[in-house]
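Observations on chain architecture
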Amino acid sequence: MATKIRLQRFGKKGKPFYHVVVADSRSPRDGKFIERLGSYNPNTNPATIEINFEKTLDWVNKGAQPTDTCRAILSYKGVMYKKHLEGGVKKGALTAEQAETKFAEWLQGKEGKIEGKKDTLTKSKEEVKRTALAAEAKKKEEMAAAIVAKNTPPVEEETVAETTEEAPETNAAEESAEEKAAE
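A few points on the structure. What you are looking at is a predicted structure, and each value in this text was computed from that prediction instead of being measured. (Residues numbered from 1 in each chain as written. Predicted model: local features only at pLDDT ≥ 70, side-chain atom pairs only at ≥ 80, totals over all residues. Heavy atoms only, no water.)

Here's the deal with the nonpolar core
What counts, and what does not: Grouping buried Ala, Val, Leu, Ile, Met, Phe, Trp, Tyr and Cys residues that are joined through side-chain atoms within 4.5 Å yields what is termed a nonpolar core. Relative accessibility thresholds used throughout: buried, under 20% of the residue-type maximum; exposed, over 50%; partly exposed, between the two (1.4 Å probe, protein chains only). Going along the chain from the N terminus, every DSSP run of H or I of four or more residues is numbered as a helix, and every run of E of two or more is numbered as a strand. What makes two residues a contact is simply this: any of their non-hydrogen atoms within 4.5 Å.
The biggest cluster of nonpolar side chains holds 18 residues, and the ones touching the most others in it are Ile5, Leu7, Val20 and Tyr40. Counting residues per element, the ones that place at least two in this core are β1 (3–12), β2 (15–24), β3 (35–41), β4 (48–51), α1 (53–62), α2 (68–77) and α3 (79–91). If we ignore the near neighbours within four places in the chain, the residues touching valine 20 are Ile5, Arg6, Leu7, Glu35, Arg36, Leu37, Gly38, Ser39, Tyr40, Ile51 and Cys70.

And the structure:
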């Protein structure tokens, strides 16, 4: 019986959620399966992947073929790398201790990258929030200024306008008097 490690879709339209399962290659996508290995949620950023590492490694070693997407997920979690290292131990290219140290180093580097991405995402979210808050505060100030301008009595505006209009008339009268004197 040919077995595959593949995704079984759940969730509503537009919001998929997947179970990672081992199934007979002839069974339908969401049909009967042999064993559930974990879950994959692509809706979060970064995607949430929960895999039972030991069960998955056991199935891969037994010969279960992962689909393309599952292969990428298993590579991301290190199952395929661990299988590769175990193959090197079987061939005598590595010792078990060397394989374990290489895998531990790879796992630490991977966790560092994931944490870095999460930090970057939270910082960018905070930055967007700050800019939105600043824009909202500016808009609020503009609205307050507009309300104050609307509520001020128009009498003050007319008196201010009259005083500014009188000054140019006196200047014009003085200029015309100076012109006559110059002639």
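Still more to cover.
Re the side chain of histidine 19
Put simply, the rule reads: As used in this structure description, the phrase polar contact means that two N or O atoms lie within 3.5 Å; if the pair is within protein, one of them must be able to donate a hydrogen and the other to accept it, and residues adjacent in sequence are counted only when both atoms belong to side chains.
Relative to the assigned elements, histidine 19 resides in strand β2. According to the relative accessible area criterion, histidine 19 is buried, its value standing at 17%. There is a polar contact of 3.2 Å between the side chain of histidine 19 and the side chain of arginine 36. Sequence-distant contacts of histidine 19, defined by excluding residues within four places in its chain, comprise Arg6, Leu7, Gln8, Phe10, Arg36, Gly38 and Ser39.

Overview of the pattern of salt bridges
Just so we agree on the cut-off: For this analysis, a salt bridge means a side-chain nitrogen from Lys or Arg found within 4 Å of a carboxyl oxygen belonging to Asp or Glu.
For the structure shown, the criterion picks out seven salt bridges. Salt-bridge contacts for lysine 82 lead to glutamate 100; the nearest nitrogen and oxygen are separated by 2.7 Å. Here lysine 82 is found in helix α3, whereas its partner glutamate 100 is found in helix α4 (residues 96–151), with 18 residues between them in sequence. Overall, glutamate 100 belongs to the partly exposed group, its relative accessible area being 44%. Between arginine 130 and glutamate 126 there is a salt bridge whose closest N-O contact spans 4.0 Å.

Structural notes on the sheet that holds β4
Test applied: At least two bridges found by DSSP between two strands is the condition for calling them paired. Only C-alpha atoms enter the line fits that serve as axes; for helices the fit covers just the stretch in contact. Angles between N-to-C directions range over 0 to 180 degrees.
Pairing in this open sheet of five strands is mixed, and the strands run β4-β3-β2-β1-β5 from one edge to the other. Pairing within the sheet leaves two strands with one partner each, and these edge strands are β4 and β5 (65–66). Where β3 meets β4, four bridges bridge the pair, whose relative direction is antiparallel. Within β4, the residue paired with asparagine 41 across the bridge is threonine 48. Set on the sheet, α2 makes contact with β1, β2, β3, β4 and β5; between it and β1 the angle comes to about 95°.

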